[in-house]
Amino acid sequence: MVMDMNSATSFFHSVTLDRDKCMGCINCIKRCPTEAIRVRDGKAAILPERCIDCGECIRVCPHHAKKAIYDPLDVLQNYKYNIALPAPALYAQFNHLEDVEIVLSALLELGFDHVFEVARAAEIVSDATRAYMRQPGITKPVISSACPAVTRLIRVRFPGLIDHVLPLNAPVELAARLAKQEAHEKTGLPLEEIGAIFISPCPAKVTASKMPLGTEKSQVSAVVAISDVYPKLLKHMHADAASPIQSQSGKIGVSWASSSGEASALLNDNYLAADGIENVIRVLEDLEDEKFEHLDFIELNACNAGCIGGVLTVENPYIARTKLKRLRKYLPVSLNHAENVGSELKWDTPLEYTPVLKLDQDFGAAMRKMNQMEELEASLPGLDCGACGAPTCRALAEDVVRGIASPDECIYRFRENMNSLISNIQKLDSFIPNYLKGRGVPAQPEKTDRKDDKE
């Protein structure tokens, strides 16, 4: 169920709710970074224009009522030529993996015609970022644009930081563009018949393929989950088999899978890397307050430990990080540079503010509603308990002003009203004569027949 506060706007979301499984608990509303979830009538509901598909609600829901939408693996049947785009996080799912080419070979056996590593594109983006950072006059610190959940968070909640966002395509988008162009030149097939299938660790990248940032149309044809591909790959992985494909990525590209991997590739120690949506928000708030003015670069990942902590992975993220360190020992530093990539790297369209948190499009009406909201918030207990179905008292006040909730949904306010009502009833009771209450009514003389009296 979604609560649409702006029906004129269309939204695609990869994070959805199974109402049958929802038990109406408030775990999700307390963890949502954009206050996009409410509990009404015993079921969760999603405000679509606020959701950034970070997947945090999937992670914390004890009833598995939140789930991610992604493409099934049989999407390969929709294209004449299929290219696998494995995220670097995929390599961190396997035990004792010492050679990336084992995974690449298994992907070919699984049914793909070719493999283009996203790690390869990540190295190109790293090289382009180093060049971008050397340009005079850019707004610093520069914020990575690789995590679509973070980029959308900035659009809806931190519009003042939009100019800080790196205006380069994320590695997966660049990988799709380069892979399809290579396949077109090799096969002669038109681009629409070539499938660039991303193997994703998180739902946010599913949304990014449908509603891309920085470009009008994504070249990612479909997105499948690592959790779906992983068990199917296991039977095709043979350490002693000759690989028909050679890995074209190194330590820099593979390191993008975990937190600080992108930032460390800049060869500049003046950076900050944070992971986990709550830490991301704290960093962005501090950046708004100009606490990081001397930093050059900020890498932010919505998932704990980075992409290896995405909800579509199978391995514990901290174990995956250890596996990644082991794998990196056998890799060269980098095999890719940004030369000859050209316009494929840069955004086609600028990042724009999405004013989904506005109370009204009319400024005067918005100010009146703001005053109403602040007055109502002042009358609420300020406990932010979530029992009303909104994450905070301020969020409840906003819902009331928007007309989608009642002040009495606050159980503390409701209890106070009930106690006041009971007290008033008790006061009123003391002024009512007993005989009007049905207690101690004066006895009426018994009527007798006059004829009997005479006798």
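A quick note: this is a predicted structure, and the numbers were derived from the prediction, not measured. (Residues numbered from 1 in each chain as written. Predicted model: local features only at pLDDT ≥ 70, side-chain atom pairs only at ≥ 80, totals over all residues. Heavy atoms only, no water.)

**Q** Go over the overall build of the protein with me, naming the residues and quoting the values.
**A** Each helix and strand counted, the protein has 16 helices and 11 strands in total. Over its C-alpha trace the protein gives a radius of gyration of 30 Å, far above what one expects of a compact globule, namely 23 Å for 455 residues. The principal-axis extents of the C-alpha atoms in the protein amount to approximately 130 × 50 × 40 Å. Long-range pairs, those at least 24 residues apart, make up 78% of the contacts in the protein with a sequence separation of at least 6. Carbon and sulfur atoms form 49% of the exposed surface of the protein, whose accessible area is close to 22400 Å². Taken as two groups, the 51 positive and 61 negative side-chain charges of the protein have centres that lie 4 Å from each other. (Helix = DSSP H or I, 4+ residues; strand = E, 2+ residues; numbered from the N terminus. Rg over C-alpha atoms; globule rule 2.2 N^0.38 Å. Contact = heavy atoms within 4.5 Å. Areas by Shrake-Rupley, 256 points an atom, 1.4 Å probe, with all protein chains shown as cover. Lys, Arg positive; Asp, Glu negative; His and termini not counted. Charge placed at Lys NZ, Arg CZ, Asp CG, Glu CD.)

**Q** Explain a negative patch on the surface to me, using residue names and the numbers behind them.
**A** The grouping of Glu 288, Asp 289, Glu 290 and Glu 293 at the surface amounts to a negative patch. Residue classification places Glu 290 among the exposed positions, given a relative accessible area of 59%. (Patch = residues over 30% accessible without salt bridge, like charges linked within 9 Å, V, L, I, M, F, W, Y side chains within 5 Å. Salt bridge = Lys/Arg side-chain N within 4 Å of Asp/Glu carboxyl O. Buried < 20%, exposed > 50% of the residue type's maximum accessible area, 1.4 Å probe, protein only.)

**Q** Got a sec to walk through helix α8 (residues 226–234)? Specific residues and values, please.
**A** Those residues of α8 that sit buried are Ile 226, Val 229, Tyr 230 and Leu 233. Taken around the axis of α8, the buried residues stretch over an arc of 110 degrees, which confines them to a single face. Buried positions along α8 lie against α3 (100–110), β8 (194–200) and β9 (222–225). (Arc of directions from axis to C-beta.)

**Q** Pulling in residues and values, what's your account of the packing of helix α5 (residues 148–157) against helix α11 (residues 277–288)?
**A** Contact geometry for α5 and α11: axes closest at 12 Å, N-to-C directions at 45 degrees. With respect to α11, the axis of α5 lies oblique. In this structure, α5 crosses over α11, and the sense of that crossing is right-handed. Between α5 and α11, the residues in contact are Val 150, Leu 153, Ile 154 and Arg 157 and Ile 277, Val 280, Ile 281, Leu 284, Glu 285 and Glu 288, respectively. Of the residues in the contact of α5 with α11, the class split is seven nonpolar, no polar and three charged. (Axes fitted to C-alpha atoms, helices over the stretch in contact; angles between N-to-C directions. Parallel < 35°, antiparallel > 145°, perpendicular 65-115°, else oblique. Left-handed = near helix turned anticlockwise from the far one by under 90°. Nonpolar A, V, L, I, M, F, W, Y, C, P; charged D, E, K, R; others polar.)

**Q** Provide a residue-level description of helix α13 (residues 363–379), including the pertinent values.
**A** When the terminal C-alpha atoms of α13 are compared, their 25 Å separation across 17 residues agrees well with the 24 Å that a helix rising 1.5 Å per residue should span. Looking at α13, one finds that the buried residues are Ala 365, Ala 366, Met 373 and Leu 376. Viewed along the axis of α13, the buried residues span an arc of 95 degrees, placing them on a single side of the element. Exposed positions of α13 whose direction lies more than 90 degrees from the buried face are Phe 363, Arg 368, Glu 375 and Ala 378. Capping the start of α13 is the job of one residue whose side-chain oxygen sits 3.2 Å from the backbone nitrogen of Gly 364: Asp 362. (Expected span 1.5 Å × (residues − 1). Polar contact = N/O pair within 3.5 Å; in protein donor to acceptor, adjacent residues only side chain to side chain.)

**Q** Could you give an account of the packing of α13 against helix α14 (residues 393–402), with specific residues and numbers?
**A** Working note: a packed helix pair is described by the angle between its axes plus the distance between those axes. Orientation of α13 relative to α14, taken along the N-to-C sense of each, is 135 degrees, at an axis distance of 9 Å. Classified by the angle between their axes, α13 and α14 sit oblique to one another. In this structure, α13 meets α14 at a crossing whose hand is right-handed. For the pair α13 and α14, the contacting residues are Lys 369, Met 370, Gln 372, Met 373, Glu 374, Leu 376 and Glu 377 in the first and Arg 394, Ala 397, Glu 398, Val 400 and Val 401 in the second. When the residues that make up the contact of α13 with α14 are grouped by side-chain class, the tally is six nonpolar, one polar and five charged.

**Q** Report on the sheet that holds strand β11 (residues 297–301), specifying residues and quantitative values.
**A** Pairing between sheet strands relies on hydrogen bonds along the backbone, with the strands arranged either parallel or antiparallel. Pairing in this open sheet of three strands is parallel, and the strands run β7-β11-β10 from one edge to the other. The two strands at the open ends of the sheet, each matched to only one other strand, are β7 (142–143) and β10 (271–275). In terms of strand pairing, β10 meets β11 through five bridges, oriented parallel. When the sheet's bridge partners are listed, Tyr 271 is paired in β11 with Phe 297. Packed on one face of the sheet, α11 meets β7, β10 and β11 and runs near 150 degrees to β11. (Pairing = 2+ DSSP bridges.)

**Q** Account for the nonpolar core, naming residues and giving values.
**A** If you look at soluble globular proteins, the nonpolar side chains tend to sit buried side by side. Core analysis: the largest hydrophobic core is formed by 40 residues, its most contacted members being Ile 83, Leu 85, Phe 116, Leu 174, Phe 198 and Leu 345. Examining the composition of this core, we find that eight residues originate from one element, helix α4 (residues 118–133), more than from any other. Aside from chain neighbours lying at most four places away, what touches Leu 345 is Ile 124, Val 125, Ala 128, Leu 168, Asn 169, Leu 174 and Ala 338. Within the second largest apolar cluster, 37 residues are counted, among which are Leu 97, Ile 199, Leu 233 and Ala 257. (Core = buried A, V, L, I, M, F, W, Y, C linked by side-chain atoms within 4.5 Å.)

**Q** Kindly report on the sheet that holds strand β6 (residues 114–115), identifying the contributing residues and their values.
**A** If you walk across this open sheet you meet the four strands as β6-β5-β8-β9, and the pairing is parallel. A single partner strand is all that each edge strand has here, and the edge strands are β6 and β9. Of the strand pairs in this sheet, strand β5 (residues 81–86) and β8 are connected by six bridges, and their pairing is parallel. The residue of β8 that forms the bridge with Ile 83 is Ala 196. Each of β5, β6 and β8 touches helix α6 (residues 171–187); the most contacted strand, β5, lies at about 150 degrees to it.

Worth remembering: the numbers are spatial, not functional.
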